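A look at the structure
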Amino acid sequence: MDPRPRVARPLFRLAIDGEDITQRLEDRLESLTLTDNRGFEADQLDLTLLDHDGRLALPRRGVKLSLSLGWSDSGLVDKGTYLVDEVEHSGSPDKLTLRARSADLRAGLTTQREHSYHRQTVGAIVRTVAARNQLQPVLGEGLADEQIEHLDQTNESDANLLTRLAQQCDAIATVKADRLLFCRAGQAATATGDPLPTVTITRASGDSHRFTFADRDAYSAVTAYYHDGKAARKRAITVNGKGATSGKGTNPSSDSVRVLRHTYATKATATRAAKAEWERLQRGVAQFALTLAQGRPDLFPETPVTVAGFKSEIDGEGWLVVRVVHALGGGGFTTALELELRPIAEV
């Protein structure tokens, strides 16, 4: 009996239009990179295959690639389905490169439309968009009943409309597994709407890291303007860590105040936008990137994370994954993470 411990091997499974082609590609795979993005930025799968014997067929654009990643001791994790939109053959040595983007971002979401939403809730708007794209809406806690005075969709795609609405609410809009998810940044949830457990990552798991910190006081407040119909003038609403204050001003009182360019239709809309921008600024003051020497296929954007073994200022914060890059190739299977601070209420 061999006394040596078994070393886990990285695994992948690829299917093209439902047909498993893993065995045919195992000895040909030079590199596989999966970039998992936040929001409506399309996820991307890049494959480079060796074609030294010229036996690889060029796939047609639009075919579906399904991918799973994992380890021999823990099994595979489904990483979704992607549509091939770019095929490249190069040499020598001869190689075939495929680039595919997430199939969840369906055509209807990117089609420009004309529509207006007047005195509707966030939940009603999200459900309307979900219904016309054959998606199941999943709304984060506390968002569904927020009132939107007026929202125009003018030569604008549903994806862009939802992104704009999400920015106003400091939320994230995305499509996963035929579900339209609309939740607050840091209100982490699975594709079914269930809360995500917090993942702990130790320095021993990492191969490299980079932490950057910007002064929290770079901006002391955020100001948004709105049109006061009764007074027929433009007014300001300013938000900082102490709350929101109103004013008549047309210019910020300090160079450290972030001013939103858009003039909003109502005070409520301006306040919501200013609060959302203030929260984004707070999360953006610190960023943390690290590469895991042993890939974690279970990690994806919006996963809450705590870390240990770094500086106390890093370990003491709650983090949120905003971008994941899984890489499989000659260097093994690694996962690179980009993280930002979680909203204080979520830590």
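Residues numbered from 1 in each chain as written. Predicted model: local features only at pLDDT ≥ 70, side-chain atom pairs only at ≥ 80, totals over all residues. Heavy atoms only, no water.

1. Observations regarding the overall build of the protein
The criterion, for reference: Where helices and strands are cited, they refer to DSSP runs of H or I of at least four residues and of E of at least two residues respectively, numbered from the N terminus. Contacts are residue-level and defined by heavy atoms, with any inter-residue pair within 4.5 Å sufficient. Every accessible area reported is derived by Shrake-Rupley at a probe size of 1.4 Å, with residue values counting cover from the shown protein chains alone.
Looking only at helices and strands, the protein features six helices and 22 strands. The long-range share in the protein, meaning contacts at least 24 apart out of those at least 6 apart in sequence, stands at 63%. For the protein, the accessible area works out to roughly 18,200 Å², and carbon and sulfur atoms hold 47% of it.

2. Notes on the pairing of strand β22 (residues 332-341)
Our working rule: Strands were regarded as paired on the criterion that DSSP finds at least two bridges between them.
Examined bridge by bridge, strand β19 (residues 286-292) and β22 share six bridges and lie antiparallel to one another. Across the sheet, the residue bridging to Q287 is E340, located in β22. Two elements, strand β21 (residues 319-329) and β22, share ten bridges in a ladder whose sense is antiparallel. Bridging from a neighbouring strand, L320 pairs with E340 of β22. Linking β21 to β22, which pair antiparallel, is a turn of two residues.

3. Observations concerning the sheet that holds strand β11 (residues 171-176)
What counts is decided by this rule: To define axes, lines are fitted to C-alpha atoms, for helices over the stretch in contact only, and angles between the resulting N-to-C directions are given on a 0 to 180 degree scale.
Taken in spatial order, the three strands make up an open sheet running β9-β12-β11, and their pairing is mixed. Pairing within the sheet leaves two strands with one partner each, and these edge strands are β9 (136-139) and β11. Averaged over all adjacent pairs, the angle separating strand axes in this sheet is 15°, with direction ignored. Here helix α3 (residues 122-132) sits on the sheet in contact with β9 and β12 (179-184), set at roughly 155° to β9.

4. As for unusual backbone geometry
Put simply, the rule reads: Partly exposed describes any residue whose relative accessible area lies between the buried limit of under 20% and the exposed limit of over 50%, with all areas from a 1.4 Å probe on protein chains only and scaled to the type maximum.
In this structure, S92 follows G91 across a cis peptide bond, with omega equal to -10°. Following S92, the chain continues to P93 via a peptide bond in cis, the omega torsion being 0°. Among the structural elements, P93 can be located in the loop between β6 (75-90) and β7 (95-102). Phi angles above zero are rare outside glycine, and D17 is one such case at about 50°. Here D17 is to be found in the loop between β1 (10-16) and β2 (19-20). Of the residues examined, D17 reaches a relative accessible area of 46% and is grouped as partly exposed. Look at Q134: it is not a glycine, yet its phi comes out positive at around 55°. Within the secondary structure, Q134 is located in the loop between α3 and β9.

5. Looking at the pattern of salt bridges
Worth spelling out the cut-off: Any carboxyl oxygen of Asp or Glu that lies within 4 Å of a side-chain nitrogen of Lys or Arg is treated as forming a salt bridge with it.
Under the criterion given, the structure shown has 16 salt bridges. A salt bridge links R99 to E86; the shortest N-O distance between them is 2.9 Å. Here E86 lies in strand β6 and R99 lies in strand β7, a separation of 13 residues in the sequence. Three or more residues joined by partner-sharing salt bridges are found here, namely D46, E86, E88 and R99.

6. Quick look at the environment of V305
By the element assignment, V305 lies in strand β20 (residues 304-308). Take V305: its relative accessible area is 0%, and that puts it in the buried class. Taking the C-alpha atoms as reference, V305 lies 5.0 Å from W319; in sequence the two are 14 residues apart. Setting aside residues up to four positions removed in sequence, V305 forms contacts with T198, V199, I201, G318, W319, V321, L339 and R342.

7. Examining the environment of A15
Mapped onto the fold, A15 is located in strand β1. Residues A15 and L65 lie 50 residues apart in sequence; the distance between their C-alpha atoms is 5.6 Å.

8. Remarks on the environment of A286
Turning to its location among the elements, A286 is positioned in strand β19. A sequence separation of 33 residues divides A286 from W319, and the C-alpha atoms of the two residues are 9.7 Å apart. Sequence-distant contacts of A286, defined by excluding residues within four places in its chain, comprise F211, T212, F213, W319, E340 and L341.

9. Let's talk about the packing of aromatic side chains
Put simply, the test is: In this scheme Phe, Tyr and Trp rings, the latter by its six-membered ring, pair at centre separations within 6.5 Å, and the angle between planes marks the pair as stacked below 30 degrees, edge-to-face above 60, and tilted otherwise.
Enumeration according to the criterion identifies five aromatic pairs in this entry. Centroid distance F211 to W319: 6.2 Å. Interplanar angle 90°. Geometry classified as edge-to-face. One end of the pair, F211, is in strand β14 (residues 206-213); the other, W319, is in strand β21, with 108 residues separating them in the sequence. Residue classification places F211 among the partly exposed residues on the basis of a relative accessible area of 29%. Residue classification places W319 among the buried positions, given a relative accessible area of 0%. Plain terms: the ring middles of F288 and W319 are 5.5 Å apart, the flat faces sit at 45° to each other, and that makes the pair tilted. With F288 in strand β19 and W319 in strand β21, the pair connects residues that are 31 residues apart, well separated along the chain.

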